[in-house]
Amino acid sequence: MKQFFFLSIISLFSASCTVSPQPINYGSDACHFCDMTIVDKQHASQLVTSKGRAYKYDAIECMVHSVQDEFKDTEMAYYLVADLDAPGELIDATKATYLVSEQLQSPMGENLSAFSNEEAGKKAQEKFTGDIYSWKEIQDHLKIRK
């Protein structure tokens, strides 16, 4: 019986330390950066620290600003953004292609959307116009000016 109790405690502890993204509860979760309720499945994003703490955002630009400010010295396990072509599906932000287009409004006004690959981003650019960016380029584009 003691052995079962000990194994149960270890497995419970291991499960609680899992580093993984958390589901976004659209309509009830609040953005970590601006505190707005997250409702837009096409522009939501999430950071997960290497210690497993998840931070949810209503817009990609909120996440980028959070990375540049509050979390500039924090090791992240995941940088995730919603794929505009697959609402609610979070993809690797570091591999995504970004489009800034006035014809695709995002919740915080930067008109920023993400796509799973460069081809999808360029296809959207043909339809909506705008400028294409990589992960590094979008961080530079949204650089917080102090």
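Anything mentioned here points back to the structure above.
What this report covers is the structure whose coordinates are included nearby. All values reported here derive from a predicted model rather than from experimental measurement.

## A short note on helix 2 (residues 60–68)
For helix 2, a buried count of nine out of nine residues is recorded, marking the element as mostly surrounded by other parts of the structure. The secondary structure elements touched by the buried residues of helix 2 are strand 1 (45–49), strand 2 (54–57), strand 3 (76–83), strand 5 (97–100), strand 6 (112–115) and helix 4 (135–141).

## So, the sheet that holds strand 3
Read across the open sheet, the four strands follow the order 2-1-3-4; overall the sheet is antiparallel. At either margin of the open sheet sits one strand with a lone partner, and together these are strand 2 and strand 4 (86–92). Each strand axis lies, on average, 20° off the axis of its neighbour in the sheet, ignoring direction. Two elements, strand 1 and strand 3, share five bridges in a ladder whose sense is antiparallel. Bridged to valine 48 within strand 3 is tyrosine 78. The strands touched by helix 2 within the sheet are strand 1, strand 2 and strand 3, with strand 1 carrying the most contacts at an inclination of about 30°.

## Description of the nonpolar core
One finds Leu47, Tyr57, Met63, Val81, Tyr98 and Ile138 to be the most contacted residues of the largest nonpolar core, which totals 24 residues. Elements represented by at least two residues in this core include exactly strand 2, helix 2, strand 3, strand 5, strand 6 and helix 4. In terms of residues, this core owes the most to one element, helix 2, which gives five residues. The contacts of methionine 63, once residues within four sequence positions are left out, are Ser45, Gln46, Leu47, Tyr57, Leu80, Val81, Ala93 and Trp135. Counting seven residues, the second-largest nonpolar core is a separate cluster that includes Leu99, Phe115, Ala124 and Phe128.

## Description of the side chain of glutamine 68
By the element assignment, glutamine 68 lies in helix 2. A polar contact is formed between the side chain of glutamine 68 and the backbone oxygen of glutamine 139, at a distance of 2.8 Å. Non-local contacts of glutamine 68, meaning those with residues more than four positions away in its chain, are made with Gln139, Leu142, Lys143 and Ile144.

## Concerning the sheet that holds strand 5
Overall, antiparallel pairing links the three strands, which are arranged 6-5-7 in an open sheet. Here the strands that pair on one side only, and so sit at the sheet edges, are strand 6 and strand 7 (131–133). On average, adjacent strands in this sheet sit at an angle of 30° to one another, irrespective of strand direction. Looking at chain direction, strand 5 and strand 7 are connected through three bridges and run antiparallel. Within the sheet, the bridge partner assigned to valine 100 lies in strand 7 and is aspartate 131.

## A word on the side chain of histidine 65
With respect to the helices and strands, histidine 65 occurs in helix 2. Among residues more than four places away in sequence, those in contact with histidine 65 are Phe33, Leu142 and Ile144.

## Description of the state of the cysteines
Tallying each qualifying case throughout the model produces zero disulfides. With no disulfide partner, cysteine 31 has as its closest neighbouring cysteine sulfur the one in cysteine 34, 3.7 Å distant. The exposure class of cysteine 31 is buried, given its relative accessible area of 2%.

## A look at the environment of glutamine 125
Along the chain, the position of glutamine 125 falls in helix 3 (residues 118–128). Measuring from C-alpha to C-alpha, the distance between glutamine 125 and leucine 99 comes to 6.9 Å, with 26 residues separating the pair along the chain. Residue contacts for glutamine 125: discarding those within four places in its chain leaves Leu99, Gly130, Asp131 and Ile132. A distance of 2.8 Å separates a polar atom in the side chain of glutamine 125 from the backbone oxygen of glycine 130.

Quick notes on the rules
Residues numbered from 1 in each chain as written. Predicted model: local features only at pLDDT ≥ 70, side-chain atom pairs only at ≥ 80, totals over all residues. Heavy atoms only, no water. Buried < 20%, exposed > 50% of the residue type's maximum accessible area, 1.4 Å probe, protein only. Helix = DSSP H or I, 4+ residues; strand = E, 2+ residues; numbered from the N terminus. Contact = heavy atoms within 4.5 Å. Pairing = 2+ DSSP bridges. Axes fitted to C-alpha atoms, helices over the stretch in contact; angles between N-to-C directions. Core = buried A, V, L, I, M, F, W, Y, C linked by side-chain atoms within 4.5 Å. Polar contact = N/O pair within 3.5 Å; in protein donor to acceptor, adjacent residues only side chain to side chain. Disulfide = S-S within 2.5 Å.

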